[in-house]
Amino acid sequence: MSKILFVLTGADHWTLADGTKHPTGYWAEEVVAPYLAFTEAGHEVVVATPGGVTPTVDQASLAADANGGAENAKRIAAALKSAGELNRPIRLEDVDLDDYAAVYYPGGHGPMEDLAVDATSGALLTAALASGKPLGVVCHGPAALLATVDGAGASPFAGYRITAFTNAEERQAGLADKAKWLLQDRLADLGVEFGEGEPWAPNVVVDRNLFTGQNPASSGPLAADILRALG
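Reference entry: report on the structure contained in this document. (Residues numbered from 1 in each chain as written. Predicted model: local features only at pLDDT ≥ 70, side-chain atom pairs only at ≥ 80, totals over all residues. Heavy atoms only, no water.)

Quick word on the sheet that holds strand β10 (residues 204–207)
Definition in use: A pair of strands is labelled paired if DSSP reports no fewer than 2 bridges between them. Comment: elements are numbered from the N terminus, with helices defined as DSSP H or I runs of at least four residues and strands as E runs of at least two. When checking whether two residues touch, look at their non-hydrogen atoms; a contact exists if any pair is within 4.5 Å. Axes here refer to lines fitted to C-alpha atoms; in helices the fit is confined to the stretch in contact. Angles between the N-to-C directions go from 0 to 180 degrees.
If you trace the seven strands from one edge of the open sheet to the other, you get β5-β4-β1-β6-β7-β11-β10, paired in mixed fashion. Both outer strands of the open sheet, β5 (90–91) and β10, are each paired with one neighbouring strand and no more. Pairing analysis gives three bridges linking strand β1 (residues 3–7) to strand β6 (residues 102–105), with the strands arranged parallel. Among the inter-strand pairings, Leu5 is bridged to a residue of β6, identified as Val103. Helix α1 (residues 28–40) contacts β1, β4 (44–49), β6 and β7 (135–138) of the sheet and is inclined by roughly 175 degrees relative to β1.

Dropping the structure here:
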């Protein structure tokens, strides 16, 4: 089958408004659900991070209450351990888009720290959107779209219908009042048409070749949509 590129944050913290470093990284379910869907369908997953650093899992995403119970939390942790690609990422700077059939960005608060200001990632997202290949971005992953703004202040994603982690979800998670900025607000400033669903419920928005998911629960359905698009 074909290769699918996973672009993960290289950050292990998110700097809050008061300068505190909140421990984070990528969100486990948002990696595991699509990884299993794609690999079980016969696709090869390649992981890329800024500088090729080994990505850090947000420990909160491995907790039982974040995974519907201890049994599923153990399943998620085991899947991460068996996904060897996470331990040998390639450098984001070395990615050749032509090598991949689709591109996928999971969330976690990490992208708010690094991918939101990463020009290499911004260029890749711009190229992936223009290529017509399926481009999937979930939860806080859409923070990376902020790095696509050009010198004139315009983004190729302006006018697209998307979703992402909402202000309501950030408030319910207890971090909205501590954040420097909120993702939903910044995406609105980018000029996208934001589709807000119920907090924590699956919500996938598809506009042309762009597939976005609101939260962790949306990552599995989004992967299924991408698989259908790949045929």
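What about the layout of surface pockets?
Formally: A pocket here means an open set of points on a 1 Å grid, computed over the protein atoms alone, that has protein on both sides within 12 Å along at least five of seven lines. A cavity is instead a set of points where a 1.4 Å probe fits but cannot get out; residues with an atom within 4 Å of a point line either one. Grid points are joined across faces, edges and corners, and a volume is the space filled by probe spheres set on the points. When residues are grouped by polarity, Ala, Val, Leu, Ile, Met, Phe, Trp, Tyr, Cys and Pro land in nonpolar, Asp, Glu, Lys and Arg in charged, and all others, Gly among them, in polar.
Roughly 330 Å³ of internal volume is contained in the largest pocket. Forming the boundary of the largest pocket are 18 residues, of which Trp27, His109, Phe165, Ala173 and Trp200 lie nearest the centre. Here the residues of the lining of the largest pocket are counted per class, giving ten nonpolar, five polar and three charged.

Some remarks on the packing of aromatic side chains
Selection criterion: Under the pairing criterion, centres of Phe, Tyr and Trp rings, with the six-membered ring standing for Trp, must be within 6.5 Å; the plane angle then separates stacked pairs below 30 degrees from edge-to-face pairs above 60, leaving the rest tilted. Relative accessible area decides the class of each residue, using a 1.4 Å probe on protein chains only: under 20% of the type maximum gives buried, over 50% gives exposed, and in between gives partly exposed. Placement of a positive charge over a ring is assigned whenever Lys NZ or Arg CZ falls within 6 Å of the ring centre and within 35 degrees of the normal to the ring plane.
Evaluated as defined, the whole model comprises four aromatic pairs. With 6.2 Å between their ring centres and 55 degrees between their planes, Phe157 and Tyr160 make a pair best called tilted. Tyr160 matches Phe157 in its accessibility class, with the two residues each being buried. Where Phe165 meets Trp200, the ring centres are 5.4 Å apart and the plane angle is 65 degrees; that geometry is what we call edge-to-face. With Phe165 in the loop between β8 (161–162) and α5 (167–172) and Trp200 in the loop between β9 (193–194) and β10, this residue pair connects regions lying 35 residues apart in the sequence. Assessed through its relative accessible area of 5%, Phe165 is described here as buried. It is Arg186 that lies over the ring of Trp181; its NZ or CZ is 4.7 Å from the centre.

Focus: the pairing of β1
Most of β1 is tucked away, with four of its five residues classed as buried. Here five bridges tie β1 to β4, and the two strands are oriented parallel to one another. If you follow Phe6 over to β4, its bridge partner there is Val47.

Some details on the nonpolar core
Cut-off, in case you're wondering: The criterion is simple. A nonpolar core is a set of buried Ala, Val, Leu, Ile, Met, Phe, Trp, Tyr and Cys residues joined through side-chain atoms within 4.5 Å.
With 39 residues, the main nonpolar core has Leu5, Tyr105, Leu135 and Leu187 as its most contacted residues. Broken down by secondary-structure element, the contributors of at least two residues to this core are β1, β4, β6, α4 (119–131), β7 and α6 (183–190). In terms of residue count, α4 provides more of this core than any other element does, four residues in total. For Leu187, the contacting residues outside a window of four places in its chain are Pro142, Leu145, Leu146, Ile162, Ala164, Val192 and Phe194. Of all hydrophobic cores here, the second largest spans 26 residues; its members include Ile4, Val47, Leu222 and Ala223.

Some words on α6
Selection criterion: What the arc measures is the spread of directions leading from the helix axis to the C-beta atoms.
Inspection of α6 places Leu183, Gln184, Leu187 and Leu190 among the buried residues, and these make up the whole buried set. Looking straight down α6, one finds its buried side chains confined to an arc of 110 degrees; they lie on one side. Taken from the residues just after α6, Gly191 is the one with a positive phi, measuring 100 degrees.

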